[in-house]
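# Fold and geometry: a report
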Amino acid sequence: IKRRILVNEYPGGFQILEDALCEELGMSRTPLREALVRLQNGDVYAWGRNASGQLGQGTTTLSGTPLKVTLPRPAVAIAAGKDHSLAVLDDGSVCAWGLDDSGQLGHGGYTQSLGPTNVTGLSGVVRVAAGTSHSLALRTDGSVWAWGYNDSGRLGDGTMWKHLGSQGVEPGQFTCPKAVASGAR
């Protein structure tokens, strides 16, 4: 499917940068933040605000034009959170980058990452979603995994504690889920 890549949000809308074969567009839920686009060939581009490295360029410099994110493999799905980004790779692994103040990168700590790094202990993923400070993944076996900030029980594991690594959501809650989505809170 041919769609336009959108860039440079301004009060009247978006400036159109170029046409591209685009599979997926991920916009941060917070206005005037970052945006991601995944092309049919699995390349991922990012632009916008970059205070926490969420553009995956190894810096915190913002960009008004799309920059290619260097991933170890082609991406099959993407998600943009408030200050972090996620990509599912073609082997079912997940990369995350950006702010990690609540464990939303799934690395087992609170270490900001200016470039893509693997989420630990997670494989067979087909879809991801990114919230303000938490992340979700849907695996090929239909299980849903969550990590990061857990106020109000948003991780679905029956607790209110932060999880630094991916945790399974209570089993038996869903029958054949097809997608995951996350709100800001």
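Our subject is the structure that appears above.
Notes on the structure in this doc start here. These numbers come from a predicted model, not from an experiment.

Calculation rules
Residues numbered from 1 in each chain as written. Predicted model: local features only at pLDDT ≥ 70, side-chain atom pairs only at ≥ 80, totals over all residues. Heavy atoms only, no water. Helix = DSSP H or I, 4+ residues; strand = E, 2+ residues; numbered from the N terminus. Contact = heavy atoms within 4.5 Å. Pairing = 2+ DSSP bridges. Axes fitted to C-alpha atoms, helices over the stretch in contact; angles between N-to-C directions. Salt bridge = Lys/Arg side-chain N within 4 Å of Asp/Glu carboxyl O. Buried < 20%, exposed > 50% of the residue type's maximum accessible area, 1.4 Å probe, protein only. Core = buried A, V, L, I, M, F, W, Y, C linked by side-chain atoms within 4.5 Å.

## A look at the overall build of the protein chain
If you tally the helices and strands in the protein chain, you get 0 helices and 13 strands. Traced from its N-terminal end to its C-terminal end, the protein chain shows the element sequence β-β-β-β-β-β-β-β-β-β-β-β-β. In the protein chain, of all internal contacts separated by at least 6 residues, the share reaching a separation of at least 24 is 42%.

## Section: the sheet that holds strand S7 (residues 84-89)
Note: strands within a sheet are paired through backbone hydrogen bonds, in either parallel or antiparallel orientation. The 4 strands are arranged S6-S7-S8-S9 in an open sheet whose pairing can be described as antiparallel. At either end of the open sheet lies a strand with only one pairing partner, and these are strand S6 (75-80) and strand S9 (113-118). Recorded for the sheet is a direction-independent mean angle of 15° between the axes of neighbouring strands. Here strand S8 (residues 94-98) pairs with S9 via 3 bridges, running antiparallel. In the strand pairing of S9, Cys-95 is matched with Asn-118.

## Considering the pattern of salt bridges
The full count for this structure, using the stated rule, is 6 salt bridges. In this structure, Asp-90 and Arg-73 form a salt bridge, with 2.7 Å as the shortest nitrogen-oxygen distance. Here Asp-90 is found in the loop between S7 and S8, whereas its partner Arg-73 is found in the loop between strand S5 (63-69) and S6, with 17 residues between them in sequence. Among the ionic pairs, Arg-139 bridges to Asp-141, the shortest N-O distance being 3.8 Å. Residue classification places Asp-141 among the exposed residues on the basis of a relative accessible area of 53%. Because the salt bridges share partners, they merge into one network encompassing Arg-49, Lys-82 and Asp-83.

## Quick word on the pairing of S6
Of all 6 residues making up S6, 5 are buried, and the element is well covered by its neighbours. Inspection of the sheet shows S6 paired to S7 by 5 bridges, in the antiparallel sense. Counterpart to Ala-77 in the pairing with S7 is Val-88. The antiparallel pairing of S6 with S7 creates a hairpin that spans 3 residues between the two strands.

## Looking at the environment of Ser-123
Structurally, the position occupied by Ser-123 is in the loop between S9 and strand S10 (125-130). Taking the relative accessible area as the measure of exposure, Ser-123 reaches 43% and is therefore partly exposed. Between the alpha carbons of Ser-123 and Leu-89 there is a distance of 9.8 Å; along the sequence they are 34 residues apart. Beyond its immediate sequence surroundings of up to four residues, Ser-123 is in contact with Gly-92 and Arg-139.

## A word on the nonpolar core
In a soluble, globular protein the nonpolar side chains are often hidden away together inside. By size, the foremost hydrophobic cluster in this structure holds 15 residues, and its most contacted members are Val-94, Leu-122, Val-125, Val-128 and Ala-137. Where this core is concerned, the elements lending two or more residues are S6, S7, S8, S10 and strand S12 (144-148). If one sorts the elements of this core by residue count, S10 sits on top with 3 residues. Ranked by size, the runner-up nonpolar core spans 13 residues in total, among them Val-44, Ala-46, Leu-71 and Ala-80.

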